[in-house]
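Here is what each chain is made of, one letter per residue.
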Amino acid sequence: MPLPKSIGLIQVYTGNGKGKTTAALGLALRARAAGKRVAIIFLDKGGNHYSERKLLTSIGIDWFGYGMDR
């Protein structure tokens, strides 16, 4: 039986080193440009100093940040 169209995908980026946020943001931007619904959950060091979050808000991508403030 095929899955209903309302089922989405969850991408998880983990590991040491760099590139996780860049990869996630790139995929999110491409999906949003294609008219998909997108949300990002950040599990990071916390705080409001991440400039990419302002951009996400301005282009209609919901984001949720969890972590301890620096």
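Refer to the preceding data block for the structure.
Before going into details, it helps to say that this report is about the structure given with it. Computed from a predicted structure; not experimentally measured. (Residues numbered from 1 in each chain as written. Predicted model: local features only at pLDDT ≥ 70, side-chain atom pairs only at ≥ 80, totals over all residues. Heavy atoms only, no water.)

Focus on the overall build of the protein chain
Then, number 1: Each helix and strand in the protein chain was counted, giving two helices and two strands.
Then, number 2: For the protein chain, the sequential pattern of α-helices and β-strands runs α-β-α-β.
Then, number 3: Seen along its three principal axes, the alpha-carbon backbone of the protein chain occupies a region of about 45 × 30 × 20 Å.
Then, number 4: For the protein chain, the share of sequence-separated contacts (at least 6 apart) that also reach a separation of at least 24 residues comes to 28%.
Then, number 5: By element, 59% of the accessible surface of the protein chain is carried by carbon and sulfur atoms, the whole surface being about 6,200 Å².
Then, number 6: On the protein chain, the mean spot of the 11 positive side-chain charges and the mean spot of the 4 negative ones are 9 Å from each other. (Helix = DSSP H or I, 4+ residues; strand = E, 2+ residues; numbered from the N terminus. Contact = heavy atoms within 4.5 Å. Areas by Shrake-Rupley, 256 points an atom, 1.4 Å probe, with all protein chains shown as cover. Lys, Arg positive; Asp, Glu negative; His and termini not counted. Charge placed at Lys NZ, Arg CZ, Asp CG, Glu CD.)

Quick look at the environment of Gly65
Then, number 1: Residue position: Gly65 is located in strand E2 (residues 62-66).
Then, number 2: For Gly65, a relative accessible area of 38% puts it in the partly exposed group.
Then, number 3: Taking the C-alpha atoms as reference, Gly65 lies 21 Å from Arg30; in sequence the two are 35 residues apart.
Then, number 4: Residues in contact with Gly65, not counting those within four places in the same chain, are Phe42 and Arg53. (Buried < 20%, exposed > 50% of the residue type's maximum accessible area, 1.4 Å probe, protein only.)

A few points about the nonpolar core
Then, number 1: Among the nonpolar cores identified, the biggest contains seven residues, and these are Leu25, Ala28, Val38, Ile40, Phe42, Leu56 and Ile61.
Then, number 2: Broken down by secondary-structure element, the contributors of at least two residues to this core are helix H1 (20-33) and strand E1 (39-43).
Then, number 3: Setting aside its immediate chain neighbours within four residues, Leu56 contacts Leu25, Ile40, Phe42, Ile61 and Trp63. (Core = buried A, V, L, I, M, F, W, Y, C linked by side-chain atoms within 4.5 Å.)

Such coordinate-based values are descriptive only and should not be taken to indicate function.
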